[in-house]
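Descriptive analysis of the structure
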There are 2 protein chains.
Amino acid sequence: MRIGELSERTGTPRRLLRYYEEQGLIKADRLANGYRDYDEAYVDRVLQIRGLLDTGLSTRIIKQILPCLNKPREIHFDEATPETLALLASERDRMTARIRCLTRNRDAIAEYLEMVSRA
Amino acid sequence: MRIGELSERTGTPRRLLRYYEEQGLIKADRLANGYRDYDEAYVDRVLQIRGLLDTGLSTRIIKQILPCLNKPREIHFDEATPETLALLASERDRMTARIRCLTRNRDAIAEYLEMVSRA
DNA sequence: TCAAACCTTGACATCGGTGTGAAGGTCAAC
DNA sequence: GTTGACCTTCACACCGATGTCAAGGTTTGA
């Protein structure tokens, strides 16, 4: 599919799809005329990227963790340097902290709304 | 406590403490000489703000949800307009989505690291 | 009384994610 | 063939969070 369809199906401006490519998060094949050509799997991939961006991760971090997210069952030996593994571990921990923070505060909002709706 | 101490105890640049105040997230008393004066509770408050910022919420949203986070057990009638309640509900849902996204991806990272450590 | 370590406000800079528009190539349909 | 809807690259602009620095006031201690 071309960029317009991917854009519509993911709700993502074309501008950003090109930006994510520039940042190394996605890679598009090219048709004979130079148009980008994405396959089906990119719909989910882009959605995943947007979700992660929305939770506060940077494109730089996302780029590092994406490979192990897509096929967690295989090791990417070229990527499995000690530095990368350390980054993954630290990012895992930061995500856990974020989850705790979000959960705590969301529950407080939910509780508040419950209270209001009872009053 | 003055701004320097709050800064140290929260690991937050003074610049940002002033910025959060400018955005209406915190409010400082003033000493006779004009210095900001914070009480103990602001340590947690600032930490909470930073945590939320880190999870992708904007200062604008944080400002809206803070009142109901601090004392969820009491209703702030002046704030309980239909618009505010709708915003709270929508923000609660967005946070839930973020939690799901973070959890899924963190678990994938964790699984990958487990695998690598076994190999 | 002077220095050092605080504090104040204000302004301008940076950085990452996004918006927008220009100038131009491709292709399908009428 | 011309129009309209796509696509390309490039560039400049914006916004929010943050860094940094200037110019100046206050307090503490040598």
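Conventions and cut-offs
- Residues numbered from 1 in each chain as written.
- Chains lettered and ligands numbered in written order.
- Predicted model: local features only at pLDDT ≥ 70, side-chain atom pairs only at ≥ 80, totals over all residues.
- Heavy atoms only, no water.
- Buried < 20%, exposed > 50% of the residue type's maximum accessible area, 1.4 Å probe, protein only.
- Helix = DSSP H or I, 4+ residues; strand = E, 2+ residues; numbered from the N terminus.
- Arc of directions from axis to C-beta.
- Contact = heavy atoms within 4.5 Å.
- UniProt positions renumbered as here; feature names shortened; annotations may be inferred.
- Phe/Tyr/Trp six-rings, centres within 6.5 Å; stacked < 30°, edge-to-face > 60°.

- Naming follows an unreviewed UniProt entry, where chain A appears as DNA-binding transcriptional MerR regulator of Kibdelosporangium persicum.

1. With respect to helix H1 (residues 3-10) of chain B
Residue and element names in this part refer to chain B.
- For H1, the set of buried residues is Ile3, Leu6, Ser7 and Thr10. When H1 is viewed along its axis, its buried side chains cluster within an angular range of 100 degrees and face the same direction.
- If you follow the buried residues of H1, they end up packed against helix H2 (14-22), strand E2 (36-37) and helix H3 (41-54).
- Following H1 by one or two positions, Gly11 has its phi on the positive side, about 65 degrees.

2. Remarks on the UniProt feature "domain: HTH merR-type" (unreviewed entry) in chain A
- Here the UniProt feature "domain: HTH merR-type" (unreviewed entry) sits at residues 1-68 of chain A.
- Summarising residues 1-68 of chain A: 60% helix, 6% strand, and an end-to-end C-alpha distance of 25 Å.

3. Overview of the packing of aromatic side chains
- Applying the stated criterion to the full structure yields 4 aromatic pairs over all chains.
- Between A:Tyr19 and A:Tyr20, the ring centres sit 6.1 Å apart and the planes meet at 55 degrees, which makes this aromatic pair tilted.
- Residue classification places A:Tyr19 among the partly exposed residues on the basis of a relative accessible area of 31%.
- By relative accessible area, which is 3% here, A:Tyr20 ends up buried.
- Between the aromatic rings of B:Tyr38 and B:Tyr42, the centroid separation amounts to 5.7 Å while the plane-to-plane angle is 65 degrees, which identifies the pairing as edge-to-face.

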